[in-house]
Amino acid sequence: MDVAACVENVRSRIAAAAKRAGRDPDAVRLVAVSKYQPVALVQEAVHAGVSDFGENYVQELERKRGELSIPMVRWHLVGHLQSNKARVAATVANVVQSVDSEKLALELSKRCEQAGRVIDIFLQVNIGREPQKGGVLPEATRALVARCRDLSGVRLVGLMCIPPADMDARPFFRAMRGLAEAAHVEQLSMGMSDDFELAIEEGATLVRVGTAIFGARPQVEAAPA
Ligand SMILES: *Cc1c(COP(=O)(O)O)cnc(C)c1O
């Protein structure tokens, strides 16, 4: 299947999952995760109507944004962001989904103010409490949400998670929804190629889909250090 057909397929699966859960399909935003994929495929997805793209690395996001140069496209940073890259992220990303510390939130906000921009952020929650994974622990989420609401360069819009691999994701998605409700945040970024329908059933408002749209990622990692 080409990219357009895959986008069509993913969209109909999103709609079906939303319907099953008694939700409005338009309440679920599709972010096509294009990390390591060539700009030509991003372009195909744009033609198929996709407006949101996710990247893991700031430099790769910056490069593709420059090469594509379509103002309507929203670029989401979904990979770990180091504070020293916050300045660049503040100028090229529309959304940072991977904010996982107060230090990073402060730095991003400061850099956005300097750039004269306000960007949307999600707090990444380490919902499976995995030592190797980024994100704030569930019990620390509410306090960090409150701190982020005081910042003027960023607008806290939601929570994001990557549940543990090889486990039933449903309980983790459900726990995320509980956290979002408790913290009064509206958006929930959860669900990838293998589990986005499940995530939608559990309340995802944004799904991050890579492989099911672009196919397998090239093995050569174009990622900068
Ligand atoms: C790579 C990635 C995705 C997309 O994963 P697929 O399984 O290819 O759909 C989603 N979210 C994050 C944070 C990722 O790093």
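Scroll up to find the structure this text is about.
Okay, so let's go over this structure. This one's a predicted model, so the numbers in the text were calculated from it and none came from an experiment.

Rules and cut-offs
Residues numbered from 1 in each chain as written. Predicted model: local features only at pLDDT ≥ 70, side-chain atom pairs only at ≥ 80, totals over all residues. Heavy atoms only, no water. Near = heavy atom within 4 Å. Polar contact = N/O pair within 3.5 Å; in protein donor to acceptor, adjacent residues only side chain to side chain. Areas by Shrake-Rupley, 256 points an atom, 1.4 Å probe, with all protein chains shown as cover. Axes fitted to C-alpha atoms, helices over the stretch in contact; angles between N-to-C directions. Helix = DSSP H or I, 4+ residues; strand = E, 2+ residues; numbered from the N terminus. Parallel < 35°, antiparallel > 145°, perpendicular 65-115°, else oblique. Left-handed = near helix turned anticlockwise from the far one by under 90°. Contact = heavy atoms within 4.5 Å. Buried < 20%, exposed > 50% of the residue type's maximum accessible area, 1.4 Å probe, protein only. Pairing = 2+ DSSP bridges. Right-handed = clockwise from strand over helix to strand, strands pointing away. Phe/Tyr/Trp six-rings, centres within 6.5 Å; stacked < 30°, edge-to-face > 60°. Salt bridge = Lys/Arg side-chain N within 4 Å of Asp/Glu carboxyl O.

Near the ligand, the surroundings consist of Val33, Lys35, Asn56, Val78, Ile162, Met192, Ser193, Arg208, Val209, Gly210, Thr211 and Arg217. Side-chain polar atom of asparagine 56 to an oxygen atom of the ligand: 3.1 Å apart, as the coordinates give it. Between an oxygen atom of the ligand and a side-chain N or O atom of threonine 211, the distance comes to 2.5 Å. Burial of the ligand by the protein amounts to 90% of the accessible area it has alone, namely 390 Å².

Time to look at the packing of helix H6 (residues 141–149) against helix H7 (residues 170–183). The geometry of H6 relative to H7 is characterised by a closest axis approach of 10 Å and an angle of 45° between their N-to-C directions. The orientation of H6 with respect to H7, classified from their angle, is oblique. Of the two possible hands of crossing, H6 and H7 adopt the one that is right-handed. Here H6 contributes Thr141, Arg142, Val145 and Arg149 to the contact with H7, which in turn contributes Leu179, Ala182 and Ala183.

Before going further, it helps to examine unusual backbone geometry. Positive phi values are uncommon outside glycine, yet arginine 129 reaches one of about 50°. Residue position: arginine 129 is located in the loop between strand S5 (119–125) and H6. One non-glycine residue, histidine 184, adopts positive backbone phi at about 55°. Looking at the secondary structure, you find histidine 184 in the loop between H7 and strand S7 (187–189). For histidine 184, a relative accessible area of 64% translates into the label exposed.

Turning our eyes to something else, we now look at the pairing of strand S2 (residues 52–55). Side chains Asp52 and Gly54 project from S2 onto one buried face, and the interleaved Phe53 and Glu55 project onto a second face that is buried too. Here strand S1 (residues 29–33) pairs with S2 via two bridges, running parallel. Bridged to valine 33 within S2 is glycine 54. The β-α-β motif built from S1, the intervening helix H2 (residues 39–47) and the parallel element S2 has right-handed crossover chirality. With four bridges joining them, S2 and strand S3 (residues 74–77) adopt parallel strand pairing. In the sheet register, glutamate 55 faces S3, and the bridge partner there is leucine 77. Crossover handedness for the path S2 to helix H3 (residues 58–68) to S3: right-handed.

In the structure shown here, the tally under the stated rule is two aromatic pairs. Where tyrosine 36 meets tyrosine 57, the ring centres are 6.3 Å apart and the plane angle is 25°; that geometry is what we call stacked. Pair noted here: tyrosine 36 is in the loop between S1 and H2 and tyrosine 57 is in the loop between S2 and H3, with a separation of 21 residues, a long-range link. Residue class for tyrosine 36 comes out buried when judged on its relative accessible area of 15%. An angle of 40° between the planes, with centres 5.7 Å apart, marks the rings of phenylalanine 53 and tryptophan 75 as tilted. Within this pair, whereas phenylalanine 53 is found in strand S2, its partner tryptophan 75 is found in strand S3, the two being separated by 22 residues in sequence. Accessibility classification places phenylalanine 53 together with tryptophan 75 in one group, the buried group.

A separate point is the pattern of salt bridges. Scanning the model with the defined rule gives 19 salt bridges in all. Here glutamate 201 makes a salt bridge to arginine 20, at a shortest N to O gap of 3.0 Å. Here glutamate 201, found in helix H8 (residues 196–201), pairs with arginine 20, found in helix H1 (residues 3–20); they are 181 residues apart in sequence, far enough to count as distant. A residue is classified by how much of its surface remains accessible, and arginine 20, at 53% relative accessible area, is exposed. One continuous salt-bridge network, built from bridges that share partners, spans Arg20, Arg170, Arg174, Glu201 and Glu202.

To continue, consider the packing of H2 against H3. Between H2 and H3, the shortest axis-to-axis distance is 10 Å and the interhelical angle comes to 60°. With respect to each other, H2 and H3 are oriented oblique. At the point where H2 passes H3, the crossing takes the right-handed sense. Residues Val39, Val42, Gln43 and Val46 of H2 pack against Arg63, Lys64, Glu67 and Leu68 of H3.

In short, geometric facts, not functional conclusions.
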